[in-house]
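What follows is the residue order along each chain.
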Amino acid sequence: MITGVKLMVDRRRAEKARNEREYAPIEHPEAVQSLTVLPLVDYLSDHPEAKTEPGVSYLVKADDFTVLLDVGYNKKGEHPSPLLHNMNLFGVNINDLDAVFISHHHLDHLGGAREQKNHTFSISHGPVDFPSIPVYSPLPLEHSSYNPNPDSDIRVSLDPVKIAPGVYGIGSIPRALYLMGYTEEQALAVNVAGKGLVLIIGCGHQTVERVIERAQKLFDLPIYGVIGGLHFPVHGGRIMLGPINLQALVGADRMPWNSINENDVRKSIQAITDADVKLISLSAHDSSDWSIDYFKESFGSAYRDLLVGTPINI
Ligand SMILES: [Zn+2]
Ligand SMILES: [Zn+2]
């Protein structure tokens, strides 16, 4: 019962915060000519040597600016972590990064459970020479002891932010989650010339409906693409505790007997369809095979598989 009361309180707090966050449209947004999203950590890959796990790290190359969205899960606390292993495998050097963008403070995006508890982030559980680059986070964050760098500026903000020409954070959108509590999550938007905005999302706790709504209010641009996690562990999940589907249990803003379901998937598909999105790629790290199949059926040739090591070129 206590969890039920807490959920109600958190829901009210999240709704109030969402209503209060009004932002002026971004005037004359710049555009990039090319965009590539290379998944470095996610649940699926067709590369035999790639490591996979139910976490997220995507290398986003917008013209010559490179930003890493999230740093994976590293569930076993390894060195090299799955992220570092895959960076080495796909020829990505830590010094190639111009920025790191943390979507939200969950273990599968910060590089581990301890990182979530301590509000730190780690690339691997061993020494990593982290470059002096900015790290964008919706909430206060510190380097873990594995990748310390006092010269790396951690920029904490809930508001929209310009990261590079044509590359924006659209600001955080809060949501109350069962057991996980009040959660702030932000997403990336890249404006690709002649196409429009590509939204790159970590876990999708905000709901894609609200991400699209925020992007449409900020930019007078079509939404060309939606890539990443939308949190649909329907008829299965990637983090199971025996028979308990943890992602469905803790990832909903409702009580367990009314958890994330087929209707939620349909509503999100409708919102993406209404926005006339031309490219959609759903992360398997927090969505089930059932949901992925439903997306594939719904979007046909607009759907792209999201696989570690397979770049999505736009
Ligand atoms: Zn996630
Ligand atoms: Zn999450």
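Report on the accompanying structure. Counting of residues starts from 1 at the beginning of each chain's written sequence and follows it residue by residue. Chain letters and ligand numbers both follow the written order, the letters beginning at A and the numbers at 1. Since the coordinates come from a predicted model, pLDDT governs what is reported: local features require at least 70, and pairs of side-chain atoms require 80 or more to be given and counted, while whole-chain, interface and lining totals use all residues.

Okay, the pairing of strand β11 (residues 181-192) next. The element β11 is extensively covered by neighbouring structure, given that 10 of its 12 residues are classed as buried. Where strand β10 (residues 167-177) lies against β11, 9 bridges are found, and the strand directions are antiparallel. By the bridge assignment, A176 is partnered in β11 with Y182. As consecutive antiparallel partners, β10 and β11 are separated by 3 residues, and within that stretch L179 has a phi angle of approximately 70°, a positive value. Between any two strands, pairing holds if DSSP finds at least two bridges. Labels follow the DSSP assignment, with helices taken as runs of H or I lasting at least four residues and strands as runs of E lasting at least two, numbered in each case from the N terminus. Sheet topology places β11 next to strand β12 (residues 196-201); 5 bridges connect them, and they run antiparallel. Opposite V190, over in β12, you have V198 as the bridge partner. Hairpin connection from β11 to β12: 3 residues lie between these consecutive antiparallel strands, with G194 at a positive phi of about 80°. Once C-beta atoms are placed from the backbone, each residue is buried if 20 or more other C-beta atoms lie within 10 Å of its own, exposed if 12 or fewer, and partly exposed for counts between those two.

The strand order β9-β10-β11-β12-β13-β16 describes an open sheet built from 6 strands, whose pairing is mixed. Since the sheet does not close on itself, it has two edges, and those belong to β9 (161-164) and β16 (279-282), each with one partner. Neighbour-to-neighbour, the strand axes of the sheet open up by a mean angle of 25°, direction not taken into account. Where strand β13 (residues 223-228) meets β16, 4 bridges bridge the pair, whose relative direction is parallel. Bridge pairing links I227 to S281 in β16. It is the C-beta atoms, placed from the backbone, that decide contacts: two residues are in contact if theirs lie within 7 Å. Axis definition: a line fitted to C-alpha atoms, limited for helices to the stretch in contact. Angles are taken between N-to-C directions and run from 0 to 180 degrees. Across the face of the sheet, helix α5 (residues 208-218) comes into contact with β10, β11, β12 and β13 while running at roughly 140° to β10.

In summary, the side chains of a regular strand alternate between the two faces of the sheet. Of all the 6 residues making up strand β2 (residues 57-62), 6 are buried; the element is thus mostly covered by neighbouring parts of the structure. Burial along β2 is two-sided: the face carrying S57, L59 and K61 and the face carrying Y58, V60 and A62 are both buried. Inspection of the sheet shows strand β1 (residues 35-41) paired to β2 by 6 bridges, in the antiparallel sense. Note on β2: the bridge partner recorded for T36 is K61. Looking at chain direction, β2 and strand β3 (residues 65-69) are connected through 5 bridges and run antiparallel.

Once that is clear, we can look at α5. What α5 keeps buried is the set V208, V211, I212, R214 and A215. The arc that holds the buried residues of α5, viewed along the axis, is 160°, so those residues lie on one side. Tucked inside the fold, the buried residues of α5 contact β10, β11, β12, β13 and α7 (262-274). In this context, the arc is that of the directions from the helix axis out to the C-beta atoms.

A few words on the nonpolar core. In plain words, the nonpolar core is the set of buried Ala, Val, Leu, Ile, Met, Phe, Trp, Tyr and Cys residues that C-beta atoms within 7 Å link up. Ranked by size, the top nonpolar core spans 83 residues in total, and within it V60, V190, L199 and I200 carry the most contacts. At 6 residues, the largest contribution of residues to this core is made by β10. Those residues in contact with L199 that sit more than four places away from it in its chain are A187, A189, V211, A215, I223, G225 and V226.

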